[in-house]
Amino acid sequence: MSRAASIIDAHAMLGEETYLSLTASELLRRMDAAGVSTALARPLGAGLIVDNRAGNDLVLSAGPRIRGLVSANPWWGDRGLAELDRCREVGAVGMFLDPLRQGFFPTEPAPVPFYERAQQYDWPIVFRTGAYVFADVLAVVEVARRFPTIQFVAGFGGFADMWFEIADAIGSVPNLHLDASLLWSDGIEEIIKRFGAQRVLFGSAEPRNRYAAALRTLDRLELSTAEQEAIFHGNATRIFHLEPLR
Amino acid sequence: MTRIIDFHTHLDERWLHVKCDSAADMVRTLDRFEVEAACVFTIMGFYEPCPAHNDALLRRADQYPDRLIPFATVDPKQGRAAADELERCLANPRFRGVKFHPWLQAFAASMLRDTMLDVLQIAARHRVPVLLHDGTPPYSTTYQVANLARWSPETTIVLGHAGSADYVDAAAQLMRDIPNLYGCYCGPRAGDLRRLLDLAGPEKILFGSDFGAAGWRLLPERIDNVLEAGLTDQQLELILAGNAARLLKLDERPLAQPLLPHREEAR
């Protein structure tokens, strides 16, 4: 089936983490093979968790078709905020936080100044969601309630075993959106039917997942043209303030 | 395209308030994606008394004895009755495995060690694999499930999701280190499969989809996860069918052919 003319991948990863590894040149090769025009990439591994400057430089230097979702571990405090300031100057389009790997509850005080900085910069925040305890998607909902002007994205869509919470989570606040990269098609379809395609973003989760698998998952939903345009590029363009298609 | 055996599906009337596919629906989906056979598990038997659900699963699977392979489920919280129920089920050679879902069945194996050892020994005596949901705390972490393989080295234990979302590296290490521990690749993605292959080898990985618990699209999604991992033909054959055929002893005991033409299940 045909897809939208332009595809923006709202969640790719660069760097190395345990057994996952992806360079910018290899991501570009995979994007070209899949017909993906732009990818929003965040750091993996040490670049995400402790050495944020190195991880952020990796995603920020990969452009122009790869845009940086930058991160600073909230436990770095003022040093982390200074890193975000630096990233803004060199073109970051949003913030990525991984409460599981970075070790914080989304609702505790440590990350609050980081949310405030995102609000100041009009940055969306992509949270990794899914694993219990730190990455509970319902904790992200609580943050979204407290910061209603920030747009949030539920990275990985609660995969795997918070799948039964993700639809109601998306529906409970207007500023939380689904990264469809790892959720199965029935779960994605439920969100589209209940809350509209404007709440769903195409993501690949490369290098954990593969573009072909993520795209075919959405193809099987037999989306309308308007739904495809929203999910494959319109929503990402709006939420991340990307340059519109010409 | 190599043959495919799906080692992880569910065949039940409903999952809580959601109606599930019938046996006929399931076989139509298997046909559509060229899957020759599927291991089928209960869902409501995780919540309700097992014997009636084992009987119902067998009735459904018996409509397609050449395609659907039932696994029995027992409740180890029932103590001796669980072992007796497993003996009852495995006396029927149609049951070729045992399925547990400790998360939904609400038990920690370590709190029921004696019963679990009895059950694992029964499975070993009948030479059938035991598949358990893994990847979910607090009762189904990959480490908890792998421990069962250490408790009973004679029993073939299968991680139902090969680590699922968060335990893939742990699953790969444990499958490498424990000879009788296997992983059903059901949920993790192509990048994860490469890790499972690198550490545990292709002989320890079995394809599974989990479809039946969700709609038909889960089957092609999970086949995609295998096909997009860049495997060799030999690796594909082992993971998609060969390892399952070996654990299910299909060469030794081929699946029965239906006595009567297939009939549509009343819905």
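Residues numbered from 1 in each chain as written. Chains lettered and ligands numbered in written order. Predicted model: local features only at pLDDT ≥ 70, side-chain atom pairs only at ≥ 80, totals over all residues. Heavy atoms only, no water.

### Concerning helix α6 (residues 112-121) of chain A
Residues and elements named next belong to chain A. Turning to α6, its buried residues are F114, Y115, R117, A118 and Y121. Angularly, the buried residues of α6 cover 160 degrees about the axis, an arc narrow enough to put them on a single face. Each element contacted by the buried residues of α6 is listed here: α4 (78-89), β5 (94-97), β6 (125-128) and α7 (137-146). (Buried < 20%, exposed > 50% of the residue type's maximum accessible area, 1.4 Å probe, protein only. Helix = DSSP H or I, 4+ residues; strand = E, 2+ residues; numbered from the N terminus. Arc of directions from axis to C-beta. Contact = heavy atoms within 4.5 Å.)

### A few points about the sheet that holds β6 of chain A
Residue and element names in this part refer to chain A. With respect to topology, nine strands assemble into an open sheet ordered β2-β1-β3-β4-β5-β6-β7-β8-β9, the strand pairing being mixed. Each edge of the sheet is formed by a strand with only one pairing partner; in this case those strands are β2 (20-22) and β9 (200-201). Bridge count for strand β7 (residues 152-155) against strand β8 (residues 176-179) is three bridges, and the pairing is parallel. Note on β8: the bridge partner recorded for V153 is H177. The strands that α7 touches are β6, β7 and β8; relative to β7, the one it contacts most, it runs at about 175 degrees. (Pairing = 2+ DSSP bridges. Axes fitted to C-alpha atoms, helices over the stretch in contact; angles between N-to-C directions.)

### Quick notes on the pairing of strand β1 (residues 5-10) of chain B
Residue and element names in this part refer to chain B. Taking burial as the measure, the six residues of β1 include six buried ones, the bulk of the element. The sheet contact formed by β1 and strand β4 (residues 37-41) spans four bridges and is parallel. What sits directly across from I5, in β4, is A37.

### A look at the layout of surface pockets
By volume, the largest pocket is sized at about 1100 Å³. Lining the largest pocket are 42 residues, and of these W163 and W184 of chain A together with W15, A213 and A214 of chain B sit closest to its centre. Mapped onto the lining of the largest pocket, the elements with two or more residues apiece are α8 (163-172) and α9 (185-195) of chain A together with β1, β3 (18-19), α4 (102-105) and α9 (218-227) of chain B. Top contributing element to the lining of the largest pocket by residue count: α9 of chain A, with six residues. Residues of the lining of the largest pocket, tallied by class, amount to 20 nonpolar, eleven polar and eleven charged. Around the second largest pocket, the lining is made up of 22 residues, and of these E17, R101 and R128 of chain A together with A165 and D166 of chain B lie nearest the centre. Mapped by element, the contributors of at least two residues to the lining of the second largest pocket are β1 (8-17) and α5 (99-102) of chain A together with α7 (168-177) of chain B. Per-element tally for the lining of the second largest pocket: the top contributor is α7 of chain B, with three residues. Considering only residue class, the lining of the second largest pocket consists of twelve nonpolar, one polar and nine charged. (1 Å grid on protein atoms, 1.4 Å probe; cavity = no way out; pocket = protein on both sides within 12 Å on 5 of 7 lines; lining within 4 Å. Points joined across faces, edges and corners; volume = space filled by probe spheres on them. Nonpolar A, V, L, I, M, F, W, Y, C, P; charged D, E, K, R; others polar.)

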